[in-house]
Amino acid sequence: MAETLAEAVSRRRTFAIIAHPDAGKTTLTEKLLLFGGAIQLAGEVKAKKDRIQTRSDWMKIERERGISVVTSVMTFEYEGNVFNILDTPGHEDFADDTYRTLTAVDAAVMVIDAAKGIEPRTLKLFEVCRMRDIPIITFVNKMDRESRDPFEILDEVEEKLALDTAPITWPVGRSKTFCGSYHFANNTYRGGDAQVEPIKVNGPQSVAENLPENERQAFIDELELAREACRPFDHQSFLEGHMTPVFFGSALRNFGVRDLINALGAYAPPPRDQVADTRTVHAAEEKMTAFVFKIQANMDPNHRDRIAFARICSGKLERGMKARLARTGKQMGLTAPQFFFASQRQLADTAYAGDVVGIPNHGTLRIGDTLTEGENLVFQGVPNFSPEILRRVRLEDAMKAKKLKEALQQMAEEGVVQLFSPEDGSPAIVGVVGALQLDVLKERLQGEYGLPVSFEMSRFSVCRWISAENKDDLEKFMTQRRGDICRDLDGDPVFMAQDAFSLRYESERYPAIKMVAIKEYH
Ligand code: GDP
């Protein structure tokens, strides 16, 4: 019998992996894809890794864009479920991209290095997940190496993240003697992921037999203690973001990855409801709705094509259908939506709520855009962060000013930089959250548009989006402060200030003007 829409939606699991660089995110992704049959050989993802440590690394990646884009989303099937992994850039200079991607997931896997525990980026990313109540599954990686005591790791998660932990499995052995995991609830042992089915065991004693003799008693005692001291898993609490199930393993040596996939299938939620301006949209509704959270351009430098990554929020997307673009009210044909696998892309004939499709276009779609089957609604919540760095772009060849204007507009539409046009007609200002983004801008202007540029300090260093209850107040303020007002890409007004001090001073002086650091796309 054909699958109903509700059934198709209910087996989708869309998630991101959050981790501090080096914890093992790439290795784990690779193994998830491997077990899902999406790649033949582990190592394929590694080659495409977006490891950005230095400027030259990034540039190299940029040059290999056709490859790196594949890692933006990866789909695989495992035991009846369809998994969509959304990749997030590793480097914190691209934090805005990461935050936007996290608006498109229903769950996250938090990878922790067993020797290092919670590291700064893990904490930061966790906080974003918490803001959005995203349920988190924890994978303690690198158990095959010298590691901290499991109890210590659990304590650290509880303390630093204020998150209850419930170990679902327990590591058998440490570093050299690490040989598998024991599953508390099922009373099973799995000696590595090559073993598809775990084996039923006869209590801790029989599991301990996998260890050298001198470690057995300690393991039995530890398991006893874990059973007594640790919390049982509470599914509801997990879904609400208060509790994380914990797995121990080694992505590199193939331990614990199957447990993790099974947990994603069993515990992680199917596509969530999404809040739009007029109502809440349920995933299993008939009509298709989607929003764009990422744009990747120039995958083929010969054609200025762009791929807009859209998360489907409800219904079914079928190739060839028409969708209404909320921002303009116009219809657009979805003639070539694509799915991404590890090493290839494929035309998507049908995609369901929870799935992410790439929509090729020539600039029609922007970050934050909503697509529907006709209904006039707009999804909320894809954030735009006020930039930390503001610069003027200096063009070496003044004759090319018009070309630069166009190029900057395109870069801004892709979310590479933010673009602010001063009301007084002076040259545009670009804003970024991290310095590497400026490097990317420079490199791409040169490489793709033949525009050599440099950056100059602007007299402004901070900016805020402004609004007011009363339109007159806003207009008055904007007239009085004309030299400090810009428009962003959407035409929304932005107040520019010299520094944080003067920003505070002005906001106190004009209490009727609301100044915000985060704008949600509309
Ligand atoms: P990412 O920066 O989080 O994507 O981390 P990678 O997946 O690139 O891993 C960083 C390093 O740790 C690489 O050298 C991996 O081979 C290594 N690594 C990843 N997982 C494991 C593991 O389970 N055990 C050991 N010993 N090394 C690992």
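Numbering of residues starts from 1 in each chain and follows the order in which that chain's sequence is written. Whole-chain, interface and lining totals are the exception, using all residues; otherwise, since this is a predicted model, local features are given only for residues with pLDDT of at least 70 and side-chain atom pairs are given and counted only at 80 or more. Excluded from the side-chain calculations are hydrogens and water; all other atoms, namely the structure's heavy atoms, are used.

## Topic: the overall build of the protein
Secondary structure elements follow DSSP: runs of H or I no shorter than four residues count as helices, runs of E no shorter than two count as strands, and numbering proceeds from the N terminus. Within the protein one finds 15 helices and 33 strands. Radius of gyration: over C-alpha atoms. The globule rule applied is 2.2 Å multiplied by the number of residues raised to the 0.38 power. Taken over C-alpha atoms, the radius of gyration comes to 25 Å for the protein, in line with the 24 Å a tight globule of 522 residues would show. Considered along the principal axes of its C-alpha atoms, the protein spans approximately 80 × 55 × 45 Å. Three labels apply to residues, based on accessible area from a 1.4 Å probe with only protein chains included: buried if under 20% of the type maximum, exposed if over 50%, partly exposed otherwise in between. Evaluated residue by residue, the protein yields a buried proportion of 57% over its 522 residues. Contact between two residues is taken to exist if any of their heavy atoms lie within 4.5 Å; hydrogens are not considered. Within the protein, counting contacts between residues at least 6 apart in sequence, those at least 24 apart form 72% of the total. Method for areas: the Shrake-Rupley scheme with a 1.4 Å probe, in which residue coverage is limited to the protein chains shown. Accessible surface, the protein: about 22400 Å² in total, of which carbon and sulfur atoms supply 49%.

## Observations regarding helix α9 (residues 213-229)
Take the residue count of a helix, subtract one, and multiply by 1.5 Å to get its expected span. The end-to-end C-alpha distance of α9 is 25 Å, a good match for the 24 Å that 17 residues give at a rise of 1.5 Å each. Among the residues of α9, those classed as buried are F219, I220, E222, L223 and A226. Summarising the contacts, the buried residues of α9 are in contact with α7 (150-161), β7 (169-172), β8 (180-183) and α8 (204-208).

## Quick word on unusual backbone geometry
Positive phi, normally seen in glycine, also occurs at D22, with a value near 85°. For D22, a relative accessible area of 47% corresponds to the partly exposed category. For A162, which is not glycine, the phi dihedral falls at a positive 50°.

## Looking at the sheet that holds strand β2 (residues 73-78)
For two strands to pair, DSSP has to find at least two bridges joining them. Taking strand neighbours across the sheet as the criterion, the seven strands line up as β2-β3-β1-β4-β5-β11-β6 in an open arrangement whose pairing is mixed. The sheet is open, and its two borders are formed by β2 and β6 (164-167), each paired with just one other strand. Going from strand to strand, the sheet's axes swing by 30° on average, the running direction of each strand aside. A fitted line through C-alpha atoms represents every axis, and for helices the fit uses only the stretch in contact; the resulting angles, taken between N-to-C directions, go from 0 to 180 degrees. Its contacts with the sheet put helix α2 (residues 25-35) on β1 (12-19), β2, β3 (81-86), β4 (107-113) and β5 (136-141), and the angle it makes with β1 is roughly 155°. Helix α6 (residues 120-131) rests against β1, β4 and β5 of the sheet, and its axis sits at about 145° to β1.

## Considering the packing of helix α12 (residues 401-414) against helix α13 (residues 435-449)
Running from N to C, α12 and α13 cross one another at 125°; their axes reach a closest spacing of 11 Å. When the interaxial angle is binned, α12 and α13 end up oblique. Between α12 and α13 the crossing geometry is right-handed. Touching K403, L404, A407, L408, Q410, M411 and E414 of α12 are L441, R444, L445, E448 and Y449, all from α13. Classification used: nonpolar for Ala, Val, Leu, Ile, Met, Phe, Trp, Tyr, Cys and Pro, charged for Asp, Glu, Lys and Arg, polar for all others including Gly. Split by residue class, the contact of α12 with α13 holds seven nonpolar, one polar and four charged. Should an angle fall under 35 degrees it is called roughly parallel, over 145 degrees roughly antiparallel, and 65 to 115 degrees roughly perpendicular, with every other angle called oblique. In this scheme the handedness of a crossing depends on how the near helix is turned from the far one: anticlockwise by less than a right angle means left-handed, clockwise means right-handed.

By themselves, these figures tell us nothing about what the structure is for.
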